[in-house]
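The primary structure of each chain is shown beneath.
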Amino acid sequence: QVHLVESGGGLVQAGGSLRLSCAASGGTVSIATMGWYRQAPGKQRDLVARITSGGSTNYVDSVKGRFTISRDNAKNTVYLQMNSLKPEDTAVYYCNYVFGEHNYWGQGTQVTVSS
């Protein structure tokens, strides 16, 4: 079992920044594909950013140039740096771990961007 604990969410004004953290236990982030997803009330859960074991990244178009996903293998932690936040970024953000057929989710952290 892989346990993922997100942190770093909160309330921020439009244009501000937050850094989300996802600390993993029971699994190794360096060999997994790690992703950040978000879900707003009444909407589906969507991929925001992903980083593979090889270090390649991809982002949903709406966050390109503003968000950066990164990984600290020594800390077994994945981050999502969010800059120039917009009200449309408001959602619960979830960390995702995929290794082979194993797929795990964190409990989520709330990000609220005020206008």
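Located above this text is the structure these notes cover.
Residues numbered from 1 in each chain as written. Predicted model: local features only at pLDDT ≥ 70, side-chain atom pairs only at ≥ 80, totals over all residues. Heavy atoms only, no water.

**Some words on the overall build of the chain**
Each helix and strand counted, the chain has 0 helices and 11 strands in total. In sequence order, the secondary structure elements of the chain are arranged as β-β-β-β-β-β-β-β-β-β-β. Relative to the compact-globule value of 13 Å for 115 residues, the chain shows a C-alpha radius of gyration of 13 Å, a close match. Overall size of the chain, expressed as C-alpha extent along the three principal axes, is 40 × 25 × 20 Å. Here the chain, with 115 residues, has 40% of them falling under the buried criterion. Residue pairs at least 24 apart in sequence account for 53% of intrachain contacts in the chain once pairs closer than 6 positions are excluded. (Helix = DSSP H or I, 4+ residues; strand = E, 2+ residues; numbered from the N terminus. Rg over C-alpha atoms; globule rule 2.2 N^0.38 Å. Buried < 20%, exposed > 50% of the residue type's maximum accessible area, 1.4 Å probe, protein only. Contact = heavy atoms within 4.5 Å.)

**Here we look at the packing of aromatic side chains**
This structure, assessed with the given rule, holds 2 aromatic pairs. Here the guanidinium or amino end of Arg-45 rests over the ring plane of Trp-105, the centre of that ring lying 3.6 Å away. (Phe/Tyr/Trp six-rings, centres within 6.5 Å; stacked < 30°, edge-to-face > 60°. Lys NZ or Arg CZ within 6 Å of the ring centre and 35° of its normal.)

**Notes on the nonpolar core**
Core analysis: the largest hydrophobic core is formed by 30 residues, its most contacted members being Leu-4, Met-34, Trp-36, Leu-80, Met-82 and Tyr-93. For this core, the elements supplying multiple residues, two or more each, are β3 (18-25), β4 (33-39), β5 (46-51), β7 (67-72), β8 (77-82), β9 (91-99) and β11 (109-114). (Core = buried A, V, L, I, M, F, W, Y, C linked by side-chain atoms within 4.5 Å.)

**Quick notes on the pattern of salt bridges**
Taken as a whole and judged by the stated rule, the model has 4 salt bridges. For the salt bridge of Arg-38 with Asp-89, the shortest nitrogen-to-oxygen distance reads 2.9 Å. Remark: Asp-89 occurs in the loop between β8 and β9 and Arg-38 occurs in strand β4; sequence separation between them is 51 residues. The residues Arg-38 and Asp-89 share a single accessibility class, namely buried. (Salt bridge = Lys/Arg side-chain N within 4 Å of Asp/Glu carboxyl O.)

**Comments concerning the pairing of strand β10 (residues 102-105)**
Note that β9 and β10 share 4 bridges and pair antiparallel. Paired with Val-98 across the two strands is Asn-103, which belongs to β10. Turn length for the β9-β10 hairpin, with the two strands adjacent in sequence and antiparallel, is 2 residues, and the turn residue Gly-100 shows positive phi of about 60°. (Pairing = 2+ DSSP bridges.)

**So, the state of the cysteines**
Counted according to the given criterion, the structure contains 1 disulfide. Through a disulfide, Cys-22 is tied to Cys-95; the S-S separation comes to 2.0 Å. Note on the Cys-22 and Cys-95 pair: the S-S dihedral is about -80°, so by sign convention the disulfide is left-handed. On the criterion of sequence distance, the pair formed by Cys-22 in strand β3 and Cys-95 in strand β9 is long-range, its members being 73 residues apart. Taking the relative accessible area as the measure of exposure, Cys-95 reaches 0% and is therefore buried. (Disulfide = S-S within 2.5 Å.)

Function-wise, these values are silent; they only describe arrangement.
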